[in-house]
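# Structural characterization, general
Each chain, written out:
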Amino acid sequence: MTLDKVKNIVILGAGESGCGAALLAATKGFRVFVSDAGEIKPEYLKELQENHIDFEQKQHSTEKILGSDLIIKSPGIPEKAEIMQQIRHKGIPVISEIEFASHFTHAKIIGITGSNGKTTTTSLIYHILQTAGLNAGLGGNIGKSFARLLLEKTYDYIVLELSSFQLDDIADFKCHIAVLLNITPDHLDRYHYDIGEYARSKYKIGLNQTENDFFIYNADDKISMDFIGELKKNQAVRLPVTMKFKPETGVYTEENQIIVKTGKQVKTSIDMNILSLVGTHNRYNSMAASAAAKALNIKDEDIREALAGFKNIEHRLEFVARVHGKEFINDSKATNVNSVWYALESMVHPVVWIAGGIDKGNNYAELLDLVKEKVKAIVCLGLDNSKIIDFFSPYVDLIFETDNMQEAVEISYKVADPGDVVLLSPACASFDLFKNYEDRGNQFKEAVRNL
């Protein structure tokens, strides 16, 4: 799309994405109005006021919104919202913040999406670029918005974590390197409970790529491969990531080595023993990050150094403490079943599993084999724990109900024996009892420290 004839921009939502877009749009000379149906957080309110940007909160002024030339929609706003239905009916163009920001940079964009592992892989790729001394920014669905990054400095490379919600409203946005880690049922309430619609949203990360770009994907992921046809218009060099076969170009494993081949003459071997991240899922993440790094011609020694020295993100399989021989791990970011599968898969000791929250249509059958093999007790943490209890009670003898973190941790500590692992890996959203998954993880860590 072109922004040449756009004068008046309305931004729906005043969170990190909306506020970043507002600041960038104002800097570029557009007339900006920010509208948020909820209460704007103090830090964003202050920014809007200091930059003299017109805004409203706790309402949507329909007439003003429908009089705009362009809508920038924050990713958290669903299409079913009444104001969105009115906007669509009138035919006003709607784009995402990442689409808008992409019109104002010449940086090479490395975009990462997937149902699980996005934040870890995005952070790892950024760490590799930093280790190699490249001028790179980090943002998107992690940390700062894409738009805000562009206001800070001019980057040569920008690494973006991208959710399906951010990808829904793109038009010309293009990644030089696009990474699709996996697709598992998640957020289906936003996609009419249609996995195909959700998958097509994820595959938009490859939109507009040319033969000079790279598309990295998990060839071992069934749903990703079911919808690989979505790439039919994609012209990028395809780099599959697999542990099951040896592609001519791509990433695969051989004995205890990760082999990366981005071209016939380019081959890199990485010893798996150096990887700082553990578990099968993290091996896939490390393989995808290595492929992205080699596509950027980063030196092998820089890639190895970065993979060996990387520290995982907070709230993702984060070691908290060992109390009287009982290990506590914070995996609060695991808000769906697939994330929990990966967490349980990486456990080597008996597990006391803290789970629960707001169920997003979870199919717990996917976890059953791992739970029967590794979980000795389940501590439910939520306002409604019935689904977890009903499903697992025939298989797990010890199941407890709690509605606060302190009690959940105290029960887990009593049930666990020395050598066991207490794993907070909820499989659910956090909003019944907590502000967000970070608040849930922080309360877990605080409760563990109080033991």
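I will try to describe carefully the structure that is included in this document. (Residues numbered from 1 in each chain as written. Predicted model: local features only at pLDDT ≥ 70, side-chain atom pairs only at ≥ 80, totals over all residues. Heavy atoms only, no water.)

### Things to note about the sheet that holds strand β1 (residues 8–12)
For clarity, the cut-off: One bridge is not enough; two strands pair if DSSP finds at least two bridges between them. Helix numbers and strand numbers start at the N terminus; a helix is a DSSP run of H or I with at least 4 residues, a strand a run of E with at least 2. Each axis is a line fitted through C-alpha atoms, and for a helix only the stretch in contact is used; angles between axes span 0 to 180 degrees, taken between their N-to-C directions.
Reading across from one edge, β3-β2-β1-β4-β5 is the order of the five strands in this open sheet, with parallel pairing throughout. Looking along the sheet, the strands with just one partner apiece sit at the ends: β3 (54–57) and β5 (94–96). When the angles between neighbouring strand axes are averaged without regard to direction, this sheet yields 25°. Note: β1 against strand β4 (residues 70–73), four bridges, orientation parallel. Across the sheet, the residue bridging to Ile11 is Ile72, located in β4.

### Concerning helix α13 (residues 337–345)
The condition that has to hold: Exposure is judged per residue with a 1.4 Å probe applied to protein chains only, and the accessible area is read against the type maximum: over 50% gives exposed, under 20% gives buried, and values in between give partly exposed. Contacts are assigned to residue pairs with any non-hydrogen atoms lying within 4.5 Å of each other. In protein, a polar contact requires one atom able to donate a hydrogen and another able to accept it; more generally it is a pair of N or O atoms within 3.5 Å, and residues adjacent in sequence count only if both atoms are side-chain atoms.
For α13, the tally of buried residues reaches seven of nine residues, placing the bulk of the element in the interior. Buried residues in α13 make contact with α11 (280–295), β17 (351–355), α14 (368–374), β18 (375–381) and β20 (421–424). Between a side-chain oxygen at the N-terminus of α13 and the backbone nitrogen of Asn338 the separation is 3.3 Å; the capping residue is Asn336.

### A closer look at the pattern of salt bridges
Applied cut-off: Each salt bridge in this description consists of a side-chain nitrogen of Lys or Arg and a carboxyl oxygen of Asp or Glu lying within 4 Å of one another.
Evaluation of the coordinates by the stated rule reveals 19 salt bridges. Ionic pairing is found between Arg148 and Glu47, a salt bridge with its closest N-O pair at 2.7 Å. Pair noted here: Arg148 is in helix α7 (residues 146–152) and Glu47 is in helix α2 (residues 42–50), with a separation of 101 residues, a long-range link. Like Arg148, the residue Glu47 is buried in the burial classification.

### A word on empty space enclosed by the protein
Put simply, the rule is: Buriedness for pockets is judged along seven lines, at least five of which must meet protein on both sides within 12 Å for an open set on the 1 Å grid over protein atoms alone, while cavities are sets there where a 1.4 Å probe fits but cannot get out, and lining residues have an atom within 4 Å of a point. Grid points are joined across faces, edges and corners, and a volume is the space filled by probe spheres set on the points. Throughout, the ten residues Ala, Val, Leu, Ile, Met, Phe, Trp, Tyr, Cys and Pro are labelled nonpolar, Asp, Glu, Lys and Arg are labelled charged, and all others, Gly among them, are labelled polar.
One pass over the full model with this rule turns up four cavities of 30 Å³ or more. Contributing to the lining of the largest cavity are 15 residues, with Asn116, Gly117, His281, Asn285 and Tyr342 lying nearest its centre. Breaking the lining of the largest cavity down by element, the ones donating at least two residues are α11 and α13. Grouping the amino acids of the lining of the largest cavity by side-chain chemistry returns five nonpolar, eight polar and two charged. Approximately 50 Å³ is the volume attributed to the second largest cavity. Taken together, Val179, Leu180, Leu181, Asn182, Ile216, Tyr217, Asn218, Val241, Tyr284, Asn285 and Ala288 make up the lining of the second largest cavity. Those elements that provide at least two residues to the lining of the second largest cavity are β9 (177–180), β10 (214–218) and α11.

### Description of the pairing of strand β7 (residues 136–140)
Heads up, the rule is: For the handedness criterion, the strands are oriented away from the viewer, and a crossover whose path from the first strand over the helix to the second runs clockwise is classed as right-handed.
Along β7, four of the five residues are buried, which leaves the element largely enclosed by surrounding structure. Across five bridges, β7 lies against strand β8 (residues 157–161) in parallel orientation. Paired with Gly140 across the bridge in β8 is Glu161. Traced from β7 through α7 to β8, the parallel crossover comes out right-handed.

### With respect to unusual backbone geometry
Here the phi dihedral of His315 falls at roughly 75°; this positive angle occurs in a residue that is not glycine. Inspection of the secondary structure puts His315 in the loop between α12 (300–309) and β15 (318–323). Judged by relative accessible area, which is 2%, His315 ranks as buried. Within the chain, Ala427 stands out as a residue other than glycine whose phi angle is a positive 65°. As for its position among the elements, Ala427 is in the loop between β20 and α17 (437–449).

### A look at the side chain of Glu56
Defined as follows: His is not counted, nor are the chain ends; Lys and Arg add positive charge and Asp and Glu add negative charge.
Mapped onto the elements of the fold, Glu56 is located in strand β3. For the buried residue Glu56, which engages in no salt bridge, the nearest side chain bearing the opposite charge is Lys64, 7.0 Å off. A distance of 2.5 Å separates a polar atom in the side chain of Glu56 from a polar atom in the side chain of Ser61.

In short, the description is geometric, and any link to function would need to be established separately.
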